[in-house]
Amino acid sequence: MRAATAASFRLAPATNPPHRRASSSCSLKPALTAQPSRVLTIARRSPVARASLGVSHDKDSKVSGADVVGQNDLLIVGPGVLGRIVAEKWQKEHPGCKVYGQTASTNHHSELTDLGIIPSLKGSTISQKVPHVIFCAPPSGSDDYPEDVSVCRVAASNWNGEGSFLFTSSTALYDCSDNMMCNEDCPSVPIGRSPRTDVLLKVENIVLEAGGCVLRLAGLYKIDRGAHVFWLRKGTLDTRPDHIINQIHYEDAASLATAIMKKRLRNQIFLGCDNKPLSRQEIMDAVNRSGKFDTKFEGFTGTDGPLGKRMENSKTRAEIGWEPKYPSFTEFLGLSS
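Quick caveat: nothing in here was measured; it's all calculated off a predicted structure. Each chain has its residues counted from 1, running along the sequence as written. Local features are withheld for residues below a pLDDT of 70 in this predicted model, meaning they are given only at 70 or higher, and side-chain atom pairs are given and counted only at 80 or more; totals for whole chains, interfaces and linings count all residues. Think of the side-chain values as coming from all heavy atoms in the structure, minus any hydrogens and water.

(A) A look at the pattern of salt bridges. Here a salt bridge means any side-chain nitrogen of Lys or Arg lying within 4 Å of a carboxyl oxygen belonging to Asp or Glu. Tallied over the entire structure, the rule returns 13 salt bridges. Residue Glu251 is joined to Lys89 by a salt bridge in which the shortest nitrogen-to-oxygen separation is 3.9 Å. Pair noted here: Glu251 is in helix α6 (residues 250-263) and Lys89 is in helix α1 (residues 81-93), with a separation of 162 residues, a long-range link. Three exposure classes are used, based on accessible area relative to the maximum for each residue type with a 1.4 Å probe and protein chains only: buried under 20%, partly exposed in between, and exposed over 50%. The exposure class of Lys89 is partly exposed, given its relative accessible area of 21%. Taking the shortest distance from any N to any O, the salt bridge between Asp242 and Arg240 comes out at 2.7 Å. Residue Arg240 is classed as buried on the basis of its relative accessible area, which comes to 16%. Because the salt bridges share partners, they merge into one network encompassing Lys89, Glu251 and Lys325. A run of H or I in DSSP counts as a helix once it spans at least four residues, and a run of E counts as a strand once it spans at least two, with each numbered from the N terminus.

(B) Inspection of the sheet that holds strand β5 (residues 99-103) at higher detail. Two strands pair under a simple rule: DSSP has to find at least two bridges between them. Across the sheet, which stays open at both edges, the 7 strands sit in the order β6-β5-β4-β8-β9-β11-β16 with parallel pairing between neighbours. Whereas interior strands pair on both sides, the edge strands pair on one side only; in this sheet they are β6 (117-121) and β16 (269-272). Strand-to-strand twist across the sheet, computed as the mean angle between neighbouring axes with direction ignored, equals 20°. Packed on one face of the sheet, α6 meets β4 (74-77), β8 (130-135), β9 (159-170), β11 (213-217) and β16 and runs near 165° to β11. What counts as an axis is a line fitted to C-alpha atoms, over the stretch in contact for a helix, and the angles between N-to-C directions run from 0 to 180 degrees. Any two residues whose heavy atoms approach within 4.5 Å at even a single point are treated as in contact.

Here you go:
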């Protein structure tokens, strides 16, 4: 659902030295770690490339980087907020590797180049196949579902099969409701449930058939992105407050994705969440208590509608050897869990 109003963001000056700037196309670029002295301003308002080596602006052409393919070279299909954090973590762990980024348009290619990412358009092929591919362009963000499936097939064709191929999917595919517990073993929704879940299932199948893996992620958030920001913009919503929401911080989603890729696993589905599901009301109570936002959420007014599910990913954590940096949304905000 698209918000009826747009938001502008401003952080109050921090008393502590600033943390590393987040790689985001948002107007706000806050530290990834929430700071007690920072206040996020959410104002409700009315709506209102540079060429570089290896860049292709034609999706039917080939991206020509260096002739030699490194064992840690990575292709990111959809280097948005999550994809850029993945790129940064991958570059730190594999100095000297090449990272390619495929986007829907050339609008942010200059930014990607500045981040050390070789940009091209989605659907283009790389002259030399790469050992690692991550597809984190959310199909839910596009109205062209057949195009999403086609792009995934091209992404699979750019993988040389030696390293890892990972698709970041969604926990919406778990067929569980009524706020019940759900883990990696829960069944998936059937084809035909909705256009969004249909395309996710189709893309997952392409990746799994190619020998890749899937990471189903809960709702992503950081201080200026996530469900809480949308709800703050609205002020009040006619939805039930007891609907359970599952979340994971962008940094934790990226660290889990890179940990899975480093394992070079095949044909498996993993689950990414913080294991601390909260109701809508609990999320917004925490936001109001945190003191990090200059706007107070007024409330949920609905009394019916679907419930959610309580995601739990202990099996993924055990197999990958991973734990989140932010154990819960409330702890991220500096509150007791």
